[in-house]
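Chain by chain, the residues run as shown.
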Amino acid sequence: MKLGIVGLPNVGKSTLFNSLTKAGAEAANYPFCTIDPNVGVVAVPDERIKKLGELYHSKKVTPAVIEFVDIAGLVKGASKGEGLGNQFLANIREVDAIVHVVRCFDDDNVVHVDGSVDPVRDVETIDLELIFADLEVLERRIAKVAKTARMDKTAGKEHAFLLRIKERLENNTAVRGMECADEDETKWLHEYNLLTEKPVIFAANVTESDLADDGASNPYVQALKAHAQKEGSAVFVISAQIEQEISELDDEEKAEFLQDLGVTQSGLDKLIEASYDTLGLMSFLTTGEDETRAWTITKGTKAPQAAGKIHTDFERGFIKAEVIGYEDLLREGSSAAAKEKGLMRMEGKEYVVQDGDVILFRFNV
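Residues numbered from 1 in each chain as written. Predicted model: local features only at pLDDT ≥ 70, side-chain atom pairs only at ≥ 80, totals over all residues. Heavy atoms only, no water.

> What am I meant to see in the pattern of salt bridges here?
Pairing between side chains of opposite charge can happen when their charged atoms approach one another. What the rule picks out here adds up to 27 salt bridges. The salt bridge partner of aspartate 182 is lysine 157, with a shortest N-O separation of 2.5 Å. Of this pair, aspartate 182 sits in the loop between helix 5 (153-170) and helix 6 (183-192) while lysine 157 sits in helix 5, and the two are 25 residues apart along the sequence. Its salt-bridge partner being lysine 341, residue glutamate 332 comes within 3.4 Å of it at the nearest N-O pair. Via salt bridges that share partners, Arg141, Glu158, Lys187 and Glu191 belong to a single interconnected network. (Salt bridge = Lys/Arg side-chain N within 4 Å of Asp/Glu carboxyl O. Helix = DSSP H or I, 4+ residues; strand = E, 2+ residues; numbered from the N terminus.)

Pasting the structure below:
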């Protein structure tokens, strides 16, 4: 999973990126890997693999990971090359979802690029840049398809679809949530890789005092939530400053610090939860003496395709999946004990994998 963190200058975006990647690396003992100055890989905290690793005395415990991209240069006019315009476009097209950091706090010492704090206006500024960038992509595609639209039925159908998207964007409406009439339209939309089609998760950046009630008494947060609700996007409340402080602490100190603030989850935990939910993701687990590991898949994935996440040969030669629920395995203490009680199931090609399934794939290539 790859998430792009965007936001106007001085909203706390880079502070959040730096603290999340550092905290995530330390919390799960996963080496923080800098692919690029603005890319970080973070382990997804998961108690289940820790406990299974202990149960099976696994030599290695490997969590699922999220790649964060700190997307710079997103300012008014970015689609026309202002700021680091072209670079931001290249980076943002590669992500699965956009995490939009929005300033929801007043501070005279932190200058706002537009002179005042207004979350909805800030969101619309960035949305507009993404819409402009998408319109450019569409214009090129329309010009290409128009050449054969009269003679070719499929091209004509795509041309009409492109014009429908263009009209939507010209009305300042993102492509997100647009309904496709059939499989052709779904396929084309995926091919265009439009920025405004990507799911958005809003991070409402607040001061420490607004964390305990999750921004309920902050009018900026409420305005952002109302705006996000219209387009069906998730909002989570975070303090980039607090996340930075948390990133310096070990797990025990972190838990105490959050408790003192009256908060149950760190910003990283909230973000991971929102990301999995928005993208419709979950994890299945594999375990043994060599390795215990979490694998991220889309909800609704069938057993052979889940096996393919591990290795393409597993999918190609899939025979059966030995499946047991995580809770059952932990309670019984071993696969043998679980089998005796009939808790281990043999599932075939049509089995839809569930979150927390511990699976051993049988295959033959």
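> Hey, could you run me through helix 7 (residues 219-231) in this one?
Helical periodicity: at 3.6 residues per turn, an α-helix aligns residues three or four positions apart in one direction. Relative to the 18 Å expected for 13 residues at 1.5 Å per residue, helix 7 spans 19 Å between its end C-alpha atoms, a close match to the ideal helical length. Residues of helix 7 that are buried: Val221, Leu224, His227 and Ala228. The buried residues of helix 7 occupy one face: seen down the axis, they fall within an arc of 130°. In this structure, helix 7 carries Pro219, Gln229 and Lys230 as exposed residues pointing more than 90 degrees from its buried face. Buried residues in helix 7 make contact with strand 6 (97-103), helix 4 (119-149), strand 7 (200-205) and strand 8 (234-238). The opening residue of helix 7, the one whose side-chain oxygen lies 2.8 Å from the backbone nitrogen of tyrosine 220, is asparagine 218. Glycine 232 lies just past helix 7 and shows a positive phi near 70°. (Expected span 1.5 Å × (residues − 1). Buried < 20%, exposed > 50% of the residue type's maximum accessible area, 1.4 Å probe, protein only. Arc of directions from axis to C-beta. Contact = heavy atoms within 4.5 Å. Polar contact = N/O pair within 3.5 Å; in protein donor to acceptor, adjacent residues only side chain to side chain.)

> Where do I start with the packing of helix 4 against helix 7 in this structure?
How two helices pack is summed up by the angle between their axes together with the distance between the axes. Where helix 4 contacts helix 7, the two axes come as close as 8 Å, and the packing angle between them is 40°. Classed by the angle they form, the pair helix 4 and helix 7 counts as oblique. Side by side, helix 4 and helix 7 meet where Pro119, Val120, Val123, Glu124 and Asp127 of the first sit next to Tyr220, Ala223, Leu224, His227 and Glu231 of the second. Its residues assigned to classes, the contact of helix 4 with helix 7 comprises six nonpolar, one polar and three charged. (Axes fitted to C-alpha atoms, helices over the stretch in contact; angles between N-to-C directions. Parallel < 35°, antiparallel > 145°, perpendicular 65-115°, else oblique. Nonpolar A, V, L, I, M, F, W, Y, C, P; charged D, E, K, R; others polar.)

> Is there a simple way to think about a negative patch on the surface in this case?
Together, Glu47, Glu54, Asp250, Asp251, Glu252, Glu253, Glu256 and Asp260 make up a region of like negative charge exposed at the surface. Mapped by element, the contributors of at least two residues to the negative patch are helix 2 (47-56) and helix 9 (251-261). Counting residues per element, the negative patch draws most heavily on helix 9, at five residues. Tracing the sequence through the fold places glutamate 54 in helix 2. (Patch = residues over 30% accessible without salt bridge, like charges linked within 9 Å, V, L, I, M, F, W, Y side chains within 5 Å. Areas by Shrake-Rupley, 256 points an atom, 1.4 Å probe, with all protein chains shown as cover. Lys, Arg positive; Asp, Glu negative; His and termini not counted. Charge placed at Lys NZ, Arg CZ, Asp CG, Glu CD.)

None of this, on its own, says anything about what the molecule does.
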